[in-house]
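# Examining the three-dimensional arrangement
In case you want the letters, here they are:
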Amino acid sequence: MGLAYNIYLNSHRIYGCKNCKTHLSNHDDIMSRNFRGQHGKAYLFENVVNITAGEPGERNMTTGRHVVRDISCRQCKEVVGWKYDKAYEASEKYKEGKFILEAELLCTVT
């Protein structure tokens, strides 16, 4: 395994890890702002970079049962949200393969 290089995003508004400022996603990849995480407000993103994903596990959430995995910043290892692997409810299938980043764990990178 070689060195892991961070991806640097080029956008008018970039969200990064609050702890180390590593780029995670850009504003244009937000699909919804209508989510809640453990720390409050959270956003659903289409694409996220510079993360590592944990092991999948089933969780009962307010919208039903899902298979999710925690995602951590690749640089500082801080958990920043989760990835949806599977949704059991037909109305929730749009979340599969998407990412939640918690607003409290993000900063705007300039």
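Residues numbered from 1 in each chain as written. Predicted model: local features only at pLDDT ≥ 70, side-chain atom pairs only at ≥ 80, totals over all residues. Heavy atoms only, no water.

### Some remarks on the sheet that holds strand β10 (residues 106-109)
Sheet architecture is open: three strands sit in the order β2-β1-β10, paired in antiparallel fashion. Across the chains shown, the open sheet's two edge strands, defined by having one partner strand only, are β2 (23-26) and β10. On average, each strand axis in the sheet is inclined to that of its neighbour by 40°, with strand direction left out of account. As paired elements, strand β1 (residues 14-17) and β2 share three bridges and run antiparallel to each other. Bridge pairing in β2 links I14 to N26. (Pairing = 2+ DSSP bridges. Helix = DSSP H or I, 4+ residues; strand = E, 2+ residues; numbered from the N terminus. Axes fitted to C-alpha atoms, helices over the stretch in contact; angles between N-to-C directions.)

### Examining unusual backbone geometry
Phi angles above zero are rare outside glycine, and K21 is one such case at about 70°. As for its placement among the helices and strands, K21 is situated in the loop between β1 and β2. Here N50, not a glycine, exhibits a phi torsion of approximately 60°, which is positive. With respect to the helices and strands, the residue N50 is situated in the loop between β4 (40-45) and β5 (51-53). Residue classification places N50 among the buried residues on the basis of a relative accessible area of 4%. (Buried < 20%, exposed > 50% of the residue type's maximum accessible area, 1.4 Å probe, protein only.)

### Observations regarding the side chain of S25
Along the chain, S25 falls in strand β2. Looking at S25, the relative accessible area reads 1%, which means it is buried. A distance of 2.6 Å separates a polar atom in the side chain of S25 from the backbone oxygen of N47. The contact partners of S25, leaving out residues within four places of it in the chain, are L9, I14, Y15, F45, N47, V48 and L101. (Polar contact = N/O pair within 3.5 Å; in protein donor to acceptor, adjacent residues only side chain to side chain. Contact = heavy atoms within 4.5 Å.)

### A few points about the side chain of N50
At 2.7 Å, the side chain of N50 forms a polar contact with the backbone oxygen of I7. Of note is the side chain of N50, whose polar atom sits 2.8 Å from the backbone oxygen of H23. Discounting residues that sit within four places of it in the chain, N50 has contacts with Y5, N6, I7, T22, H23, L24, S72, C73 and R74.

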